[in-house]
Amino acid sequence: MALSISAAVLLGIIVFVLLKGGYVRVGSALACTLFGFTLAATGLAPIINSGLASLAGLISSF
């Protein structure tokens, strides 16, 4: 059975676990989130999306 999960949901879960574990503080997580939104508005967004798609394809082939 194949499980399909959004990258945003997966990364959100990872951030939640890191926050609860005390590895990342709220300010750092907020700064990284804002950086991600800012980066998504640049010309690098298509390159990042294609890289993530390629990584997801690679992982799903295992």
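Residues numbered from 1 in each chain as written. Predicted model: local features only at pLDDT ≥ 70, side-chain atom pairs only at ≥ 80, totals over all residues. Heavy atoms only, no water.

Once that is clear, we can look at the overall build of the protein chain. A count of helices and strands for the protein chain gives three helices and zero strands. Secondary structure elements of the protein chain occur, N-terminal to C-terminal, as α-α-α. Compactness check: the protein chain gives a C-alpha radius of gyration of 14 Å against a globular reference of 11 Å for 62 residues, more than 25% above the reference. The principal-axis extents of the C-alpha atoms in the protein chain amount to approximately 35 × 35 × 15 Å. Accessible area for the protein chain stands at about 5,400 Å²; split by element, carbon and sulfur atoms hold 75% of it. (Helix = DSSP H or I, 4+ residues; strand = E, 2+ residues; numbered from the N terminus. Rg over C-alpha atoms; globule rule 2.2 N^0.38 Å. Areas by Shrake-Rupley, 256 points an atom, 1.4 Å probe, with all protein chains shown as cover.)

To continue, consider a nonpolar patch on the surface. A grouping of Ile5, Val9, Leu10, Leu11, Ile13, Ile14, Phe16, Val17, Leu18 and Tyr23 is seen on the molecular surface, where their side chains present a nonpolar patch of about 970 Å² in accessible area. Position of Val17 among the secondary structure elements: in helix H1 (residues 7-21). (Patch = residues over 30% accessible without salt bridge, like charges linked within 9 Å, V, L, I, M, F, W, Y side chains within 5 Å. Salt bridge = Lys/Arg side-chain N within 4 Å of Asp/Glu carboxyl O.)

A volume near 660 Å³ is recorded for the largest pocket. Lining the largest pocket we find 20 residues, and of these Leu11, Cys32, Thr33, Gly36 and Phe37 sit closest to its centre. Put simply, the parts of the chain that give the lining of the largest pocket at least two residues each are H1, helix H2 (26-40) and helix H3 (45-60). No other element matches H2, which puts eight residues into the lining of the largest pocket. Across the lining of the largest pocket, the residue classes break down as 15 nonpolar, five polar and no charged. (1 Å grid on protein atoms, 1.4 Å probe; cavity = no way out; pocket = protein on both sides within 12 Å on 5 of 7 lines; lining within 4 Å. Points joined across faces, edges and corners; volume = space filled by probe spheres on them. Nonpolar A, V, L, I, M, F, W, Y, C, P; charged D, E, K, R; others polar.)

Topologically, Cys32 is positioned in helix H2. Remark: the alpha-carbon pair of Cys32 and Gly57, spanning 25 residues in sequence, is separated by 25 Å.

Moving on, we come to the confidence of the model for the protein chain. A residue-level look at the protein chain finds 94% of positions with pLDDT of 70 or above and a mean pLDDT of 85. Summarising per-element confidence for the protein chain, the mean pLDDT is lowest in H1 (87) and highest in H2 (89). (pLDDT = per-residue confidence, 0-100.)

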